[in-house]
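# A closer look at the structure
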Amino acid sequence: MKKFLVRASILSISLLTVMASAAISPALGKIKQAFPDVDPTMIKLVLTLPSLLIIPFSLLAGWMAARMKKKNVLLIGLVIYLIGGIGGAFARSIVELLVIRGIFGIGAGLIIPLSTSLIADFYEGPERTKMMGLSGSVSHLGGVIFLLVSGWLAAIGWRYAFGVYSLAL
């Protein structure tokens, strides 16, 4: 049973990694309509800003993991991911939305390297190879599913598209 829970936990973390930035891309048109006076480049930053912050915070995650338990780093990252992910639905201006998306990028940056690192910690040999493959498969399947769900939610309203990030719970 414990082996199953470890596997499910690691794969659920992998599920969060691919949908990090692109999950709300179906809502960009509606976001542009909500903020009509905003330059289109600023609207596109809603997708790209988290990726710019993922890079340095992935490095920070490694530094943190060497100094504290990976579980704690992961929990901190998940909380930041959840706040930054769902928080976009409550933004009242494009600046607020970009700040919240930046927070989301920080959380994603802390989570992403740990998904692979935990596989290396818990598995060896062929089992590690199998888990790496499963991790990639789960993350990409999740990306497809959550892009579809996000598009469906965006059709209702752009703020609802941020609900896909509640998966972090």
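Everything quoted here is computed from the prediction, not taken from an experiment.

Calculation notes
Residues numbered from 1 in each chain as written. Predicted model: local features only at pLDDT ≥ 70, side-chain atom pairs only at ≥ 80, totals over all residues. Heavy atoms only, no water. Helix = DSSP H or I, 4+ residues; strand = E, 2+ residues; numbered from the N terminus. Rg over C-alpha atoms; globule rule 2.2 N^0.38 Å. Buried < 20%, exposed > 50% of the residue type's maximum accessible area, 1.4 Å probe, protein only. Areas by Shrake-Rupley, 256 points an atom, 1.4 Å probe, with all protein chains shown as cover. Lys, Arg positive; Asp, Glu negative; His and termini not counted. Charge placed at Lys NZ, Arg CZ, Asp CG, Glu CD. pLDDT = per-residue confidence, 0-100. Axes fitted to C-alpha atoms, helices over the stretch in contact; angles between N-to-C directions. Left-handed = near helix turned anticlockwise from the far one by under 90°. Contact = heavy atoms within 4.5 Å. Nonpolar A, V, L, I, M, F, W, Y, C, P; charged D, E, K, R; others polar. Core = buried A, V, L, I, M, F, W, Y, C linked by side-chain atoms within 4.5 Å. Salt bridge = Lys/Arg side-chain N within 4 Å of Asp/Glu carboxyl O. 1 Å grid on protein atoms, 1.4 Å probe; cavity = no way out; pocket = protein on both sides within 12 Å on 5 of 7 lines; lining within 4 Å. Points joined across faces, edges and corners; volume = space filled by probe spheres on them. Phe/Tyr/Trp six-rings, centres within 6.5 Å; stacked < 30°, edge-to-face > 60°.

### What to know about the overall build of the protein chain
Secondary structure summary: the protein chain contains 6 helices and 0 strands in total. Computed over the C-alpha atoms, the radius of gyration of the protein chain is 16 Å, within 12% of the 15 Å expected from 2.2 N^0.38 for a compact globule of 169 residues. In terms of principal-axis extent, the alpha carbons of the protein chain reach across some 55 × 30 × 20 Å. Within the protein chain, the fraction of its 169 residues that count as buried is 43%. For the protein chain, the exposed surface amounts to about 8900 Å²; the carbon and sulfur share of it is 72%. The distance from the centre of the 15 positive side-chain charges to the centre of the 6 negative ones in the protein chain is 6 Å.

### Topic: the confidence of the model for the protein chain
Per-residue confidence for the protein chain gives a mean pLDDT of 92, with 100% of residues at or over 70. Confidence scores differ between elements of the protein chain, with helix H1 (residues 2-22) showing the lowest mean pLDDT of 84 and helix H4 (residues 70-87) the highest of 95.

### Quick look at the packing of H1 against helix H5 (residues 94-122)
Packed helices, taken two at a time, are described by their axes: the angle between them and the distance between them. Running from amino to carboxyl end, H1 crosses H5 at an angle of 145°, the nearest separation of the two axes being 9 Å. Note that H1 runs across H5; the crossing there is left-handed. For the pair H1 and H5, the contacting residues are Val6, Ile10, Ile13, Ser14, Thr17, Ala20 and Ser21 in the first and Arg101, Phe104, Ala108, Ile111, Ile112, Ser115, Leu118, Ile119 and Phe122 in the second. Of the residues belonging to the contact of H1 with H5, the class tally is 11 nonpolar, 4 polar and 1 charged.

### Some words on the nonpolar core
Counting residues in each nonpolar core, the largest one holds 51 residues, and the members touching the most others are Ile31, Tyr81, Leu97 and Tyr165. Among residues more than four places away in sequence, those in contact with Leu97 are Ile31, Phe35, Val46, Gly88, Ala91, Trp158 and Phe162.

### Let's talk about the pattern of salt bridges
With the rule as written, the count across this model stands at 4 salt bridges. Between Arg7 and Glu127 there is a salt bridge, with the nearest N and O atoms lying 3.7 Å from each other. Of this pair, Arg7 sits in helix H1 while Glu127 sits in helix H6 (residues 125-156), and the two are 120 residues apart along the sequence. Salt bridges sharing partners connect three or more residues here, namely Lys3, Arg7 and Glu127.

### Re the layout of surface pockets
Each pocket or cavity is described by its volume, and for the largest pocket that value is around 250 Å³. For the lining of the largest pocket, a count of residues per class yields 10 nonpolar, 1 polar and 2 charged.

### Quick look at the side chain of Ser135
With respect to the helices and strands, the residue Ser135 is situated in helix H6. With a relative accessible area of 11%, Ser135 lands in the buried category. Discounting chain neighbours no more than four positions away, the residues touching Ser135 are Leu11, Ser14 and Ile119.

### Observations concerning the packing of aromatic side chains
Enumeration over the complete set of coordinates arrives at 5 aromatic pairs. Ring geometry for Tyr81 versus Phe104: centroids 4.7 Å apart, planes at 45°, classification tilted. Here the residue Tyr81 occupies a position in helix H4, and Phe104 occupies one in helix H5, the gap between them amounting to 23 residues. For the residue pair Tyr81 and Phe104, the accessibility class agrees, reading buried in each case. Where Tyr81 meets Tyr165, the ring centres are 6.0 Å apart and the plane angle is 85°; that geometry is what we call edge-to-face. You can see Tyr81 sitting in helix H4 and its partner Tyr165 sitting in the segment after H6, a full 84 residues away along the chain. Judged by its relative accessible area of 1%, Tyr81 falls in the buried class. Each member of the aromatic cluster is reached from another via a ring pair, and the members are Phe35, Trp158 and Phe162.

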